[in-house]
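# Examination of the molecular architecture
Here are the chains, one letter per residue:
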Amino acid sequence: MKLAVHGVSDRGLVRPHNEDCLLVEPDRGLFAVADGMGGHAAGEVASRLAIEAVREVFEEIPEEGDEVIARIQAAIERANRNIAERILSQPECRGMGTTLVMCVTRDDRFWVAHVGDSRAYLLRGDAIRQLTTDHSFVNELVRLGMLSREEAARDPRRNVVTRALGSGAPVAPDIYEDRWRAGDRLLLCSDGLNTMVGDDEILRIVREAGDDVGRAVDELVAAALAGGGEDNVTVVLAAMVPRAETDEQDDQPEDTGVIEPPEPAERPLARPDGEDAPADC
Ligand code: CA
């Protein structure tokens, strides 16, 4: 078995900037999605700082599970601190922050950690399961029985996160641990996917793409755009696939490392909101 990972980020059809950032490093067993927030493109800075922190802390993946968990906490702390320090040195970045969802894999084990409302889904057998609980205001209301899931999806407060990186105050990630099974798919995404595409549709698209994770990712992003593309959409899909006897040479995927979202000039905005001044931070 080998791990195949593919990731794509798209600005969507409405937002002037792409404030998401992603990391795809299948050889290291590391991938992540961060969804930045903050006016005038400061969100781009925050999400990038978070992804860089993950990359620095996980130069290699430790063998011991306890050490992996300690490193996850260290990465979260470093990301939080780096963003808070940037805000102090550049007050125009005030208010910026980011979510983070990340996966670390070592041999047949994997760990998923998150802060905020970016999600991880495990697709195993015929089922899709959300591994993460959104750290969001509307999800709290759902949990308390004050809002249905359908109401939450339409609620104007749905973008309000209750946990994020950037304040500098201590932030605890939720951490999930499991072992890979043959055929598993693990999906990380920003809310630009799951607010536009339902879980059943995600499952259908991934299953129909078979072992072609690149196709699945492209079709998921296309589905988010077809659904309205109201937000930046970032999707990273990992699969445990059979290792073909002949594929030793072409194991290396085209896109690895920190993937810069493409320049937004190719497609006009469906609804320009004028907030297009780039941040200096
Ligand atoms: Ca978002």
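One structure accompanies this document, and this report is about it. These numbers come from a predicted model, not from an experiment.

## Observations concerning the overall build of the chain
Along the backbone of the chain there are 7 helices and 12 strands. Counting the 281 residues in the chain, one finds 44% classified as buried. Intrachain contacts of the chain at a sequence separation of at least 6 include 71% that bridge at least 24 residues.

## Regarding the nonpolar core
Core analysis: the largest hydrophobic core is formed by 73 residues, its most contacted members being Ala32, Ala50 and Val235. Once residues lying within four places of it in the same chain are set aside, the contact partners of Ala32 are Leu22, Leu23, Ile51, Val54, Leu100, Val101, Met102 and Leu188.

## Quick notes on the packing of helix α6 (residues 199-208) against helix α7 (residues 213-226)
Between α6 and α7, whose axes approach to 9 Å, the crossing angle comes to 150°. α7 is crossed by α6, and the crossing has right-handed handedness. Listed contacts from α7 to Glu201, Ile202, Ile205 and Val206 of α6 are Ala216, Glu219, Leu220 and Ala223.

## Observations concerning the packing of helix α1 (residues 42-57) against helix α2 (residues 65-89)
Interaxial distance between α1 and α2 falls to 8 Å at its minimum, and their mutual angle equals 145°. Relative to α2, α1 is oriented so that their crossing is right-handed. Here Val45, Ala46, Leu49, Ala50, Ala53, Val54 and Val57 of α1 lie close against α2, whose contacting residues are Arg71, Ala74, Ala75, Arg78, Ala79, Asn82, Ile83 and Arg86. Looking at the contact of α1 with α2, its residues break down into 11 nonpolar, 1 polar and 3 charged.

## Structural notes on the environment of Ser136
Its place among the elements puts Ser136 in the loop between β8 (127-130) and α3 (137-143). Under the C-beta neighbour-count criterion, Ser136 is labelled buried, with 22 such atoms within 10 Å. For the pair formed by Ser136 and Arg163, sequence separation is 27 residues and the distance between their alpha carbons is 7.3 Å. With residues near it in sequence (within four places) discarded, Ser136 still touches Asp117, Arg158, Val160, Val161 and Thr162.

## Quick look at unusual backbone geometry
For Asp107, which is not a glycine, the phi torsion comes out positive at approximately 55°. Mapped onto the fold, Asp107 is located in the loop between β5 (100-106) and β6 (109-115). By C-beta crowding, Asp107 is classed as exposed, having 10 other C-beta atoms within 10 Å.

Conventions and cut-offs
Residue indices follow the written sequence of each chain, beginning from 1 at its first position. Side-chain atom pairs in this predicted model are given and counted only at pLDDT of 80 or more, local residue features only at pLDDT of at least 70, and totals for whole chains, interfaces and linings cover all residues. The helix and strand labels rest on DSSP assignments: H or I over at least four residues marks a helix, E over at least two residues marks a strand, and numbering proceeds from the N terminus. Partly exposed residues are those falling between the two cut-offs: more than 12 but fewer than 20 other C-beta atoms within 10 Å of their own, whereas 20 or more means buried and 12 or fewer means exposed, with C-beta atoms placed from the backbone. Note on contacts: each residue gets a C-beta atom placed from the backbone, and two residues are in contact if those atoms are within 7 Å. Linking buried Ala, Val, Leu, Ile, Met, Phe, Trp, Tyr and Cys residues through C-beta atoms within 7 Å yields a set, and such a set is a nonpolar core. The axes used here are C-alpha line fits, helices contributing only the stretch in contact, and every angle between their N-to-C directions lies in the interval 0 to 180 degrees. A crossing counts as left-handed when the near helix is turned anticlockwise from the far one by less than a right angle, and as right-handed when that turn is clockwise. Gly falls in the polar group here, along with every residue not listed as nonpolar (Ala, Val, Leu, Ile, Met, Phe, Trp, Tyr, Cys, Pro) or charged (Asp, Glu, Lys, Arg).

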